[in-house]
Amino acid sequence: MNEHVKTASPDIVDIWAGDQQLPAWFTDAMAVPREDSFVEVNGHRVHYFRWGTRGKPPLLMTHGFLAHARCFAFIAPFLAGDYDVIAYDLAGMGDSEMTPDCDGEKRASGMVAVAEALDLFSGPVKPKLIAHSFGSGVALTAMEMAGERFGGLIICDLMVMRPARLAEHFKGGGGPPGSGRSDRPNKLYPDYESAHARFVLSPPQPVQQPFLFEYMAYHSLRRIEDGEQQGWSWKFDPMVFHRNENDMAKWAQTPQRIVDLPHRLAIVYGEKSKLFDDDSADYLRELGGSHIPMIAIPEAEHHLMLDQPLALVTALRAVLALWAE
């Protein structure tokens, strides 16, 4: 069951925007009408946004670890003229409910189920996937499960390293996306300022569009007003940190899995990313991935939509144009 509400974005609020002068491209994008709704998938509510016109070629987007669909809320409107664009919150993140025992396979089957629930497979053009970081890993598994049902996958800065470099990264405490404890409840902060001070990006980086950092921070938190419990806390469910051995094994196999995927694929990455760089691209080519378009966004790091959002839009438009049926 869907709960449809199509409205201009209410996301620009004083608590994060204050009196700063937001660029016109951003305010114009955020004013593009969108559906802000939930769909039930396997008994759990999944939050999503939808832009554009149903019946046009569908795009399904998702985000990185502990993030939410709003990381595409200022990207998707630039695609809405030509596509039916959906961005959704992964289970236990943003405003989506957590799914019990949610491993990589369940997340991937959930992605396929979201596409089914939103009727993305019924048209003449197959839906294409666009995902960032951790979400790209989910999408890669979904393509392995049901790639014939999708029109392609655009991976945005998924961590890819040579084995020795990956081992060094883990040894240095980098860990895979989502390292943390599932048995520790989210901390309650007395006020927004205290909570905001704890918001950091992973991997750490400055952002070239600081207002987008403020936007993402605010929408990563929720106000708590429950009896004596008053304050601000994170939206994500701590159970998202739970991992199993199969997930970790698949993570180590990611480069070969990318190369072996028998479906349409492209990679967009930040030229200054710490997780996917020119050497990562070279490594994939050495493994047999010379057929994969790999596009570097100049001046961007891992969180490329917070660094070079319009350049990211351009790269996505270019790939999608080449893939037009």
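Residues numbered from 1 in each chain as written. Predicted model: local features only at pLDDT ≥ 70, side-chain atom pairs only at ≥ 80, totals over all residues. Heavy atoms only, no water.

Peer 1: Please give an account of the overall build of the protein chain that cites residues and values.
Peer 2: Within the protein chain, the regular secondary structure consists of 12 helices and 11 strands. Over its C-alpha atoms the protein chain spans a radius of gyration of 19 Å, differing by no more than 12% from the 20 Å that the globule rule assigns to 325 residues. Along the longest, intermediate and shortest principal axes, the C-alpha atoms of the protein chain span 55 × 50 × 40 Å. The buried share of the protein chain, reckoned over its 325 residues, is 54%. If you take every contact in the protein chain between residues at least 6 apart in sequence, the share linking residues at least 24 apart comes to 75%. Here the protein chain displays about 14,100 Å² of accessible surface, and carbon together with sulfur accounts for 52% of that area. (Helix = DSSP H or I, 4+ residues; strand = E, 2+ residues; numbered from the N terminus. Rg over C-alpha atoms; globule rule 2.2 N^0.38 Å. Buried < 20%, exposed > 50% of the residue type's maximum accessible area, 1.4 Å probe, protein only. Contact = heavy atoms within 4.5 Å. Areas by Shrake-Rupley, 256 points an atom, 1.4 Å probe, with all protein chains shown as cover.)

Peer 1: Now, about the pairing of strand 10 (residues 265-270): what can you tell me, with residues and values included?
Peer 2: The buried fraction of strand 10 amounts to six of the six residues, a majority that puts the element mostly inside the structure. By the bridge criterion, four bridges tie strand 7 (residues 152-156) to strand 10 in an arrangement that is parallel. Each residue of the ladder has a partner; that of isoleucine 154, found in strand 10, is alanine 266. Sheet topology places strand 10 next to strand 11 (residues 294-297); four bridges connect them, and they run parallel. Opposite tyrosine 269, over in strand 11, you have alanine 296 as the bridge partner. The handedness of the strand 10 to strand 11 crossover, carried by helix 10 (residues 278-286), is right-handed. (Pairing = 2+ DSSP bridges. Right-handed = clockwise from strand over helix to strand, strands pointing away.)

Peer 1: Residues and numbers for helix 3 (residues 104-117), please.
Peer 2: Here helix 3 contains 14 residues, and its C-alpha end-to-end distance of 20 Å stays within 8% of the 20 Å for a straight helix at 1.5 Å per residue. Those residues of helix 3 that are buried lie in contact with strand 2 (34-41), strand 3 (44-52), strand 4 (58-62), strand 5 (84-88), strand 6 (128-132) and helix 4 (134-146). Once helix 3 finishes, aspartate 119 follows within two positions and takes phi at roughly 60°, a positive value. (Expected span 1.5 Å × (residues − 1).)

Peer 1: Could you give an account of the nonpolar core, naming the residues involved and the relevant values?
Peer 2: Ranked by internal contacts, the top residues of the largest apolar core, which has 110 residues, are Phe26, Met61, Phe74 and Ile258. Phenylalanine 26 has contacts with Ile12, Trp16, Phe74, Phe211, Leu212 and Tyr215, leaving out every residue within four places of it along the chain. (Core = buried A, V, L, I, M, F, W, Y, C linked by side-chain atoms within 4.5 Å.)

Peer 1: I'd like to hear about the packing of aromatic side chains, residue by residue, with values.
Peer 2: Scanning the model with the defined rule gives 22 aromatic pairs in all. Seen in terms of ring centroids, phenylalanine 26 and phenylalanine 211 are 5.0 Å apart; in terms of plane orientation they differ by 75°. Their pairing is edge-to-face. Of this pair, phenylalanine 26 sits in helix 2 (residues 24-30) while phenylalanine 211 sits in helix 7 (residues 210-218), placing them 185 residues apart in sequence. For the residue pair phenylalanine 26 and phenylalanine 211, the accessibility class agrees, reading buried in each case. (Phe/Tyr/Trp six-rings, centres within 6.5 Å; stacked < 30°, edge-to-face > 60°.)

Peer 1: Break down the pattern of salt bridges for me, citing the residues and quoting the values.
Peer 2: For the structure on display, the rule yields 14 salt bridges. For the salt bridge of glutamate 299 with lysine 272, the shortest nitrogen-to-oxygen distance reads 2.9 Å. A residue pair is termed long-range when its members are at least 10 positions apart, and glutamate 299 in the loop between strand 11 and helix 11 (304-307) and lysine 272 in the loop between strand 10 and helix 10 qualify at 27 residues. Here glutamate 299 falls in the partly exposed class, since its relative accessible area comes to 39%. Each member of the salt-bridge network shares a partner with another, and the members are Asp11, Arg34, Arg70, Asp95 and Lys235. (Salt bridge = Lys/Arg side-chain N within 4 Å of Asp/Glu carboxyl O.)

Peer 1: Hey, could you go over unusual backbone geometry for me, with residue numbers and the actual values?
Peer 2: With an omega of -5°, the peptide bond running from serine 202 to proline 203 counts as cis. Unusually for a residue other than glycine, aspartate 101 sits at a positive phi of about 50°. Even without a glycine there, the phi angle at aspartate 157 is positive, about 55°. Tracing the backbone through its elements, the reader meets aspartate 157 in the loop between strand 7 and helix 5 (163-171).

Peer 1: Which residues make up the packing of helix 3 against helix 4, and what values go with them?
Peer 2: Put simply, helix 3 and helix 4 touch, their axes get as near as 8 Å, and they point 75° apart. With respect to each other, helix 3 and helix 4 are oriented roughly perpendicular. Judged by residue contacts, Gly104, Glu105, Arg107, Ala108, Ser109, Met111 and Val112 of helix 3 engage Phe134, Gly135, Val138, Ala139, Thr141, Ala142, Met145 and Ala146 from helix 4. Its residues assigned to classes, the contact of helix 3 with helix 4 shows nine nonpolar, four polar and two charged. (Axes fitted to C-alpha atoms, helices over the stretch in contact; angles between N-to-C directions. Parallel < 35°, antiparallel > 145°, perpendicular 65-115°, else oblique. Nonpolar A, V, L, I, M, F, W, Y, C, P; charged D, E, K, R; others polar.)

Peer 1: Tell me what's going on with the environment of histidine 63, and back it up with residues and numbers.
Peer 2: With respect to the secondary-structure elements, histidine 63 resides in the loop between strand 4 and strand 5. Judged by its relative accessible area of 0%, histidine 63 is buried. Between the alpha carbons of histidine 63 and glycine 81 there is a distance of 22 Å; along the sequence they are 18 residues apart. With residues up to four places along the chain from it excluded, the contact list for histidine 63 reads His68, Ala69, Cys71, Phe72, Tyr88, Asp89, Leu90, Met93, His132, Phe134 and Gly135. A polar contact of 3.5 Å, which involves the side chain of histidine 63, links it to the backbone oxygen of alanine 67. (Polar contact = N/O pair within 3.5 Å; in protein donor to acceptor, adjacent residues only side chain to side chain.)

Peer 1: Quick rundown of the confidence of the model for the protein chain? Include the residues and the values.
Peer 2: Summing up the model confidence of the protein chain, the mean pLDDT is 91 and the portion of residues at 70 or higher is 92%. The model gives residues 1-8 a pLDDT under 50, and that stretch makes 28 contacts with residues more than four places away or in other chains. (pLDDT = per-residue confidence, 0-100.)

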